[in-house]
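So the chains spell out like this:
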Amino acid sequence: MSSTAVVNADDAMEPTLQPILDQKSLRWIFVGGKGGVGKTTTSCSLAIQLAKHRKSVLLISTDPAHNLSDAFNQKFGKDARKVEGMDNLSAMEIDPNGSIQDLLAQQGEGVDEAMNQLGGMGNMMQDLAFSIPGVDEAMSFAEVLKQVKSLDYEVIIFDTAPTGHTLRFLQFPTVMEKALAKISQLSQQFGPMLNSLIGSRGGLPGGQNLDDMIQKMESLRETISEVNGQFKNADMTTFVCVCIPEFLSLYETERMIQELGSYEIDTHSIVVNQLLFPKADNPCEQCNARRKMQKKYLDQIEELYEDFNVVKMPLLVEEVRGKDKLESFSEMLVKPFQPPK
């Protein structure tokens, strides 16, 4: 486990996500953690709170399980759709599985056909450029970029998949930059020969030439590079870690925070879900034993992350589903829960 700097009691971070609401420069917010810790409930609730402070908010699920529809009791898909009862909050669920050819096809019709026309040379270009690990998974990121570029949202929240996928997702801008830079390099190297070959076969579909295709890919690379820079800017991007007070979840959170640091992505908020607050005279043996165990891990979290906003959320007696229940839950993200005496 990593150690953190000692923080004076006067400087201790408040147990609330209010600083995220107050940070008007934030553009991208990621919510992530181990499976089953309440990421979707937390991201939906944070989105509801942000919608009270921002002009327009987009909530995106990149989790293949897609729980936004269940959380809001409303069907979402790959296009942004307004959350019922809210004017400035939209949601969408994107498929994180795709292929690089889909991405290129979005950038200009006929790319696939062009690669086919180029025969062995085209295949070699693809193989070389797309041998970089993670390129194929970058489709979800490309889909997000496509949507975000065409729609004007002030802040975008990602409800991410379990930790491993999330960390790969955050590497995608760098991976895509490398892949597209390699394509650009190959095009310059083989461009004249390829243009000659394309010309002899009647040109590309739609009247495009190779330079047009390369220009479109270069434009995409510039966009990805810009977003990658924003992800590493703490004024524009932050990551909210969600966990429960158990060993495996705490371990995963620590691993995630260390990796986020290596990617230069800011994180200073942890939401601890499913906390039990039994009354002092509660006769339930299991409740008290579990609370004792939870307290041990909660104490560890507070000791390790003194310089984080650690938000403590109670285990509720019913599921948090539907806009009204999410709204009630969201209040506790900004106003610390007061356990019963």
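Quick notes on the rules
- Residues numbered from 1 in each chain as written.
- Predicted model: local features only at pLDDT ≥ 70, side-chain atom pairs only at ≥ 80, totals over all residues.
- Heavy atoms only, no water.
- Salt bridge = Lys/Arg side-chain N within 4 Å of Asp/Glu carboxyl O.
- Helix = DSSP H or I, 4+ residues; strand = E, 2+ residues; numbered from the N terminus.
- Buried < 20%, exposed > 50% of the residue type's maximum accessible area, 1.4 Å probe, protein only.
- Contact = heavy atoms within 4.5 Å.
- Polar contact = N/O pair within 3.5 Å; in protein donor to acceptor, adjacent residues only side chain to side chain.
- Pairing = 2+ DSSP bridges.
- Axes fitted to C-alpha atoms, helices over the stretch in contact; angles between N-to-C directions.
- Expected span 1.5 Å × (residues − 1).

All right, on to the pattern of salt bridges then. Scanning the model with the defined rule gives 12 salt bridges in all. In this structure, Glu246 and Arg290 form a salt bridge, with 2.5 Å as the shortest nitrogen-oxygen distance. A residue pair is termed long-range when its members are at least 10 positions apart, and Glu246 in the loop between β6 (237-243) and α10 (247-262) and Arg290 in helix α11 (residues 285-304) qualify at 44 residues. A residue is classified by how much of its surface remains accessible, and Glu246, at 28% relative accessible area, is partly exposed.

Moving on to the environment of Arg81. As for its position among the elements, Arg81 is in strand β3 (residues 81-82). Remark: the alpha-carbon pair of Arg81 and Ala91, spanning 10 residues in sequence, is separated by 5.5 Å. Beyond its immediate sequence surroundings of up to four residues, Arg81 is in contact with Gln74, Lys75, Phe76, Leu89, Ser90 and Ala91. Separated by 2.7 Å, the side chain of Arg81 and the backbone oxygen of Lys75 make a polar contact.

Within a beta sheet, neighbouring strands are joined by backbone hydrogen bonds and run either parallel or antiparallel to one another. Pairing in this open sheet of 8 strands is mixed, and the strands run β3-β4-β2-β5-β1-β6-β7-β8 from one edge to the other. The open sheet has two edge strands with one neighbour each: β3 and β8 (309-314). Here 2 bridges tie β3 to strand β4 (residues 89-93), and the two strands are oriented antiparallel to one another. Of the residues in β4, the one forming a bridge with Lys82 is Ser90. The strands that α11 touches are β6, β7 (269-275) and β8; relative to β7, the one it contacts most, it runs at about 175°.

The next thing to look at is helix α2 (residues 39-51). Its 13 residues place the ends of α2 18 Å apart at the C-alpha level, agreeing with the 18 Å of an ideal helix rising 1.5 Å per residue. The buried fraction of α2 is high, at 13 of 13 residues.

Here the focus is the side chain of Lys39. In this structure, Lys39 sits in helix α2. By relative accessible area, Lys39 is classed as buried at 7%. In this structure the side chain of Lys39 is engaged in a polar contact, spanning 3.5 Å, whose partner is the backbone oxygen of Lys34. Setting aside chain neighbours within four positions, we find Lys39 in contact with Val31, Gly32, Gly33, Lys34, Asp159, Thr160, Ala161, Pro162 and Val242.

Here we come to the environment of Asn73. By the element assignment, Asn73 lies in the loop between α3 (68-72) and β3. Along the chain, Asn73 and Glu84 lie 11 residues apart, while their C-alpha atoms are 9.5 Å from each other. Apart from residues no more than four positions distant in its own chain, Asn73 is found in contact with Arg321 and Gly322.

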